[in-house]
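This is what each chain is made of:
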Amino acid sequence: MLELGDVLAMPLPLGGFGACQVTGTRDGLLLVCALDWHSETLPALGDLRGAGPLLVDHHSWTGGPQPTLVDDPPPADFVPLGALPLHPDLPREGDSYAAWANLVFQVVLQRHWDLRVGAAAKAAYKGASARQVEVDLGGDLGGPPTRRPGRLARLDLREHRGEVRWAGLDALPQVTALGWAGSERGLVRALASRPIITALTWDDPPDEVDVSETGLTGLVFPGRAPRRLVLPPELTLLRFGAGLPESVTANADGRWVALAVTGSGMSDGRWTDAQGTVPDGLRGVRELELAGAGDLVVPALGELERLRVRWTGAYGALGGLGAFSRLHTVELTDAYGVEAGMLPSPEGPLRRLDVDCLRSSQVRPIRRRYKGSGVVVRLSGAKSDKWLVVNIDNPLRNWVDEHKRGGAAACRAYATADQTIAGLDADDPAAVADARGILREFVQGLNAIELRHGMIDTTLREEAYEAFMGLAERAGVPDAEAGSWFDEWRDF
């Protein structure tokens, strides 16, 4: 159990270490603050004596420390070093709640800001206008310049066609993320000259993609992946949604990349490229996220340390967990097909297991499997087999974890709408009119749940929207029309 003054070293995504210290407590939670520290090797406790707080002034932050309240144990790869007296500048109070990983992100973002972003780009970012500004990017969106918010953070250019007047980006100095589609058309050069842009989502890329000269830290291919991909040295997040490259060139064989493979990027539950092997350049990956349906198999990544798996459709088994010598953290979501015997051995390197949403019949076997092993086990959202027979395919099934009665009512409301929509003929022009009443009744049911139980937060609102849009699509309702209905009818 951590106490006031305890210091921990934090491995950083691109190598080296940061550090943090427990500076206070509040209502049983720990207040933790990142320290002004970076070293290439693991520091000794004495090295950190006198270290003050990390002063965060990247992007819109104003230069103060950012203490965080945490309610769970530190990650398994954090290294406890011992206790030190608190520096006088370290905050003793705070009201920001976040995960331990937020401390690491702050260190990484601050270092990128300090080392990669030039003085002119920093000044432009800080001085960005809060008003609408004229932006001229040319292309078929060109003609007269368009007007955009001066502090726009994400610019979606996926509908932009033709050549681009990249100098137009200078009017939007706070853009840090781009959406792009199709051929390259000067994109890479524009990114390379603007290291403040660190995130890119690229639809329908060409076969050859080389972004090695950019400052990207996050790269997403929602659809088809390029055949050959060359990554920048600072990339820490790489996500594929529908297939994988044949070849990847990455810093340290992908050691610093958190890799995510989702949706149709999974083939028969296995993550592989067209040749049935892990793509070149990603064999050193240490952090992996898989999302898919049915039986899933974890690829043979010899350096794997952290694994997240999420089931998105039919719920199946999980295989391939017995061959990892460094896997210390496993996080599973919607693991209704997972049994205790599929999980890593308690005698191996595993130090933390989080399972959110599982069969209640597996709770006792899982706890028994790891009893006395030193593995921190956190299980939540357990549901009975009887309940799952009725609700396992209900997209609102996990609402009962937030509020038992309200969640059960939401499941019933969706089931009623689902059954009624199933009776419509999407090819019948009258189906849309019939669907309107069904969908409105569904939303009104959710409004009543919110009025009675006050349970629909941002996350649940997004889940309700996805469920609503799925019903509307099945009835042949155009997306734009369905979206406007949802916003018009909802009171949450």
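Residues numbered from 1 in each chain as written. Predicted model: local features only at pLDDT ≥ 70, side-chain atom pairs only at ≥ 80, totals over all residues. Heavy atoms only, no water.

**Quick notes on the overall build of the protein chain**
For step 1, the next point in the chain: Within the protein chain, the regular secondary structure consists of 9 helices and 21 strands.
For step 2, the next point in the chain: At 25 Å, the protein chain has a C-alpha radius of gyration in line with the 23 Å of a compact globule built from 492 residues.
For step 3, the next point in the chain: With the C-alpha coordinates of the protein chain rotated into their principal frame, the extents come out at 70 × 65 × 50 Å.
For step 4, the next point in the chain: Partitioning the intrachain contacts of the protein chain with sequence separation of at least 6 by distance along the chain shows that 45% fall at a separation of at least 24.
For step 5, the next point in the chain: Per element, the accessible surface of the protein chain, about 23,100 Å² overall, is 49% carbon and sulfur.
For step 6, the next point in the chain: Between the centroid of the 51 positive side chains of the protein chain and the centroid of its 66 negative side chains there is a distance of 4 Å. (Helix = DSSP H or I, 4+ residues; strand = E, 2+ residues; numbered from the N terminus. Rg over C-alpha atoms; globule rule 2.2 N^0.38 Å. Contact = heavy atoms within 4.5 Å. Areas by Shrake-Rupley, 256 points an atom, 1.4 Å probe, with all protein chains shown as cover. Lys, Arg positive; Asp, Glu negative; His and termini not counted. Charge placed at Lys NZ, Arg CZ, Asp CG, Glu CD.)

**Considerations on the pairing of strand β20 (residues 352–359)**
For step 1, the next point in the chain: Within β20, 6 of the 8 residues are buried, which leaves it mostly tucked inside the rest of the structure.
For step 2, the next point in the chain: Where β20 and strand β21 (residues 376–383) come together, 7 bridges link them in parallel fashion. In the sheet register, L353 faces β21, and the bridge partner there is V377.
For step 3, the next point in the chain: Each parallel crossover has a hand, and for β20 linked through helix α4 (residues 363–370) to β21 it is right-handed. (Buried < 20%, exposed > 50% of the residue type's maximum accessible area, 1.4 Å probe, protein only. Pairing = 2+ DSSP bridges. Right-handed = clockwise from strand over helix to strand, strands pointing away.)

**Section: the state of the cysteines**
For step 1, the next point in the chain: Applying the stated criterion to the full structure yields 0 disulfides.
For step 2, the next point in the chain: Take C20: it sits in no disulfide, and the sulfur closest to it among the cysteines is that of C33, at 8.9 Å. (Disulfide = S-S within 2.5 Å.)

**What to know about unusual backbone geometry**
For step 1, the next point in the chain: The phi dihedral of H59 is positive, around 50°, even though this residue is not glycine.
For step 2, the next point in the chain: For H59, the location among the structural elements is in the loop between β3 (29–34) and β4 (68–70).

**Some details on the nonpolar core**
For step 1, the next point in the chain: In terms of nonpolar packing, the biggest core is built from 77 residues, with L178, L219, L238, L332 and L353 touching the most fellow members.
For step 2, the next point in the chain: The biggest single contributor to this core is strand β18 (residues 306–319), with 5 residues.
For step 3, the next point in the chain: When sequence neighbours within four positions are dropped, the list of residues in contact with L353 reads V330, L343, I366, Y370, V375, V376, V377 and R378.
For step 4, the next point in the chain: Core analysis: the second largest hydrophobic core is formed by 30 residues, A413, L446, A464 and W485 among them. (Core = buried A, V, L, I, M, F, W, Y, C linked by side-chain atoms within 4.5 Å.)

**Here's the deal with the pattern of salt bridges**
For step 1, the next point in the chain: If you walk through the whole model with that rule in mind, you get 26 salt bridges.
For step 2, the next point in the chain: The closest approach of N and O atoms between R224 and D207, which form a salt bridge, is 3.5 Å. Of this pair, R224 sits in strand β12 (residues 218–224) while D207 sits in the loop between β10 (199–203) and β11 (208–210), and the two are 17 residues apart along the sequence.
For step 3, the next point in the chain: One continuous salt-bridge network, built from bridges that share partners, spans D72, R352, D354 and R378. (Salt bridge = Lys/Arg side-chain N within 4 Å of Asp/Glu carboxyl O.)

**So, the layout of surface pockets**
For step 1, the next point in the chain: A volume near 790 Å³ is recorded for the second largest pocket.
For step 2, the next point in the chain: Forming the walls of the second largest pocket are 27 residues, and the residues nearest its centre are D334, P395, R397, N398 and E463.
For step 3, the next point in the chain: Residue classes in the lining of the second largest pocket are distributed as 9 nonpolar, 7 polar and 11 charged. (1 Å grid on protein atoms, 1.4 Å probe; cavity = no way out; pocket = protein on both sides within 12 Å on 5 of 7 lines; lining within 4 Å. Points joined across faces, edges and corners; volume = space filled by probe spheres on them. Nonpolar A, V, L, I, M, F, W, Y, C, P; charged D, E, K, R; others polar.)

**Some details on the sheet that holds β20**
By definition, the strands of a sheet pair up through backbone hydrogen bonds, in either a parallel or an antiparallel sense.
For step 1, the next point in the chain: Taken in spatial order, the 11 strands of this open sheet run β8-β9-β10-β12-β14-β16-β17-β18-β19-β20-β21, and their pairing is parallel. The strands lining the two open edges of the sheet, one partner per strand, are β8 (154–156) and β21. The average undirected angle you get between the axes of adjacent strands in this sheet is 15°.
For step 2, the next point in the chain: Taken together, the 3 bridges between β8 and strand β9 (residues 177–181) define a ladder with parallel strand orientation. When the sheet's bridge partners are listed, D156 is paired in β9 with G179.
For step 3, the next point in the chain: Each of β20 and β21 is contacted by α4, which is oriented at about 175° to β21, the strand it contacts most. (Axes fitted to C-alpha atoms, helices over the stretch in contact; angles between N-to-C directions.)

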